[in-house]
Amino acid sequence: MSAFRPYGVVLHCTASRFGDAREIAAWHRARGFDGIGYGRVVRNGVRRARDPYDVATDGLVERGRADTVVGAHCAAGGMNRATIGICCVGTPGFVPDGATRAPASYTVQPYLTAKQAYSLVAELASLCRAHGWDPQGTFRWQRRDVPVITQHSDHDRGKPLCASLHLDPIRRAVAAALR
Ligand SMILES: [Zn+2]
């Protein structure tokens with residue numbers, strides 16, 4: 001692992017109904033990664049498979065890998081070396097019982113909770129502010145202009161459902177949060 005400076009983010013989902021940073025770190029270690037590959041995890045209020053929904057941890061943002069360390073979340077396009085991975089816990093088509101859904105315009109199928117959507121937008125705004133990124137802009141990488149906010153499926157054809165988000169409304173919400 002070498003130090004790096006990120007130019008944007010790649011968004012992911014866990015493709016599970018539950019999880020947190022510790023759980024994901026165990027999944028990633030089992031795949032041979034050096035701990036969690038994502039820089040952030042946005043929780044959905046369900047930590048383990050049989051846990052009931054917990055409003056207190058819905059939308060909680062956990063830190064994963066440090067922002068100064070190359071991640072392990074999207075090898076395609078060399079994105080590990082250019083971006084921070086942000087993973088929303090959840091899987092398209094499932095919303096935890098008791099949770100309020102995110103705006104329908106944000107996702108291809110319902111899965112994000114309203115609190116996750118709020119936290120995701122706030123976290124993206126905070127990263128944009130800290131790094132001087134335009135959430136609706138691009139960065140130059142390997143002779144391509146890459147949007148500052150993308151998702152896994154934009155880079156890897158083998159991950160068509162990750163993260164099943166509509167990015168334009170999310171980018172607009174981040175831009176609005178920065179004004
Ligand atoms: Zn992904």
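In this text, all values refer to a predicted model and were calculated from it rather than measured experimentally.

1. Digging into the sheet that holds strand β4 (residues 83-88)
Whether parallel or antiparallel, the strands of a sheet pair through hydrogen bonds between backbone atoms.
Right, so step 1: Taken in spatial order, the 5 strands of this open sheet run β3-β2-β4-β1-β7, and their pairing is mixed. Looking along the sheet, the strands with just one partner apiece sit at the ends: β3 (58-63) and β7 (149-151). Looking at each pair of strands side by side, their axes are set apart by 25° on average, direction ignored.
Right, so step 2: Of the pairings in the sheet, the one linking strand β1 (residues 8-13) to β7 comprises 3 bridges and is parallel in character. Pairing of V9 across the sheet is with I149, part of β7.
Right, so step 3: Taken strand by strand, helix α4 (residues 167-178) contacts β1 and β7, and its axis lies near 150° from that of β7.

2. Considerations on empty space enclosed by the protein
Right, so step 1: All told, the structure shown has 1 cavity of 30 Å³ or more when counted by the stated rule.
Right, so step 2: In this model, the largest cavity occupies a volume close to 60 Å³.
Right, so step 3: Taken together, 14 residues make up the lining of the largest cavity; nearest its centre are G39, A66, V69, G71 and I84.
Right, so step 4: Tallied by class, residues from the lining of the largest cavity come to 6 nonpolar, 6 polar and 2 charged.

3. A word on the state of the cysteines
Right, so step 1: Tallied over the full model, the rule gives 0 disulfides.
Right, so step 2: The structure places no disulfide on C74, whose sulfur is separated from the nearest cysteine sulfur, that of C162, by 8.5 Å.
Right, so step 3: Left without a disulfide partner, C87 is nearest to the cysteine sulfur of C13, which lies 6.7 Å away.
Right, so step 4: For C87, a relative accessible area of 0% gives the class buried.

4. Quick notes on the layout of surface pockets
Right, so step 1: Put simply, the largest pocket is a space of about 380 Å³.
Right, so step 2: Forming the walls of the largest pocket are 22 residues, and the residues nearest its centre are C13, Y38, H152, K159 and C162.
Right, so step 3: With 3 residues, helix α1 (residues 21-30) is the single largest residue contributor to the lining of the largest pocket.
Right, so step 4: A class-by-class count of the residues in the lining of the largest pocket yields 13 nonpolar, 6 polar and 3 charged.

5. Some words on the packing of aromatic side chains
In this description, a pair of aromatic rings is defined by centroid distance and the angle of the planes.
Right, so step 1: In the structure shown here, the tally under the stated rule is 3 aromatic pairs.
Right, so step 2: Measuring from ring centre to ring centre gives 6.2 Å for F18 and W27, while their planes differ by 80°; the resulting arrangement is edge-to-face.
Right, so step 3: By the ring-pair criterion, three or more aromatic residues cluster together here, those being Y7, F139 and W141.

6. Regarding the coordination of the zinc ion
Right, so step 1: Coordination of the zinc ion by the protein involves H12 (ND1), H152 (ND1) and C162 (SG), with metal-donor separations of 2.0 to 2.2 Å.
Right, so step 2: Of note, the zinc ion draws all its donor residues from one chain, in the sequence arrangement H-x139-H-x9-C. Separated by 140 residues along the polypeptide, H12 in strand β1 and H152 in helix α3 (residues 152-155) bring together distant segments of the chain.
Right, so step 3: In this structure H12 comes out as buried when scored by relative accessible area, which is 1%.

7. Here's the deal with the environment of D34
Right, so step 1: With respect to the helices and strands, the residue D34 is situated in the loop between α1 and β2 (40-44).
Right, so step 2: Put simply, D34 and F18 are 16 residues apart on the chain and 22 Å apart in space, counted from C-alpha to C-alpha.

8. Side note on the pairing of β4
Right, so step 1: Here β4 lies mainly inside the structure; 6 of its 6 residues are buried.
Right, so step 2: Across the two faces of β4 the burial is the same, with T83, G85 and C87 and I84, I86 and C88 all buried.
Right, so step 3: Sheet analysis places β1 next to β4, joined by 6 bridges and oriented parallel. Looking at β4, one finds that C13 is bridged to C88.
Right, so step 4: Judged from the 3 bridges that link them, β2 and β4 form a sheet pairing that is parallel. Within the sheet, the bridge partner assigned to R40 lies in β4 and is I86.

Analysis parameters
Residues numbered from 1 in each chain as written. Predicted model: local features only at pLDDT ≥ 70, side-chain atom pairs only at ≥ 80, totals over all residues. Heavy atoms only, no water. Pairing = 2+ DSSP bridges. Helix = DSSP H or I, 4+ residues; strand = E, 2+ residues; numbered from the N terminus. Axes fitted to C-alpha atoms, helices over the stretch in contact; angles between N-to-C directions. Contact = heavy atoms within 4.5 Å. 1 Å grid on protein atoms, 1.4 Å probe; cavity = no way out; pocket = protein on both sides within 12 Å on 5 of 7 lines; lining within 4 Å. Points joined across faces, edges and corners; volume = space filled by probe spheres on them. Nonpolar A, V, L, I, M, F, W, Y, C, P; charged D, E, K, R; others polar. Disulfide = S-S within 2.5 Å. Buried < 20%, exposed > 50% of the residue type's maximum accessible area, 1.4 Å probe, protein only. Phe/Tyr/Trp six-rings, centres within 6.5 Å; stacked < 30°, edge-to-face > 60°. Donors = N, O, S within 2.8 Å, 3.2 Å for Na, K, Ca; no water.

Worth remembering: the numbers are spatial, not functional.
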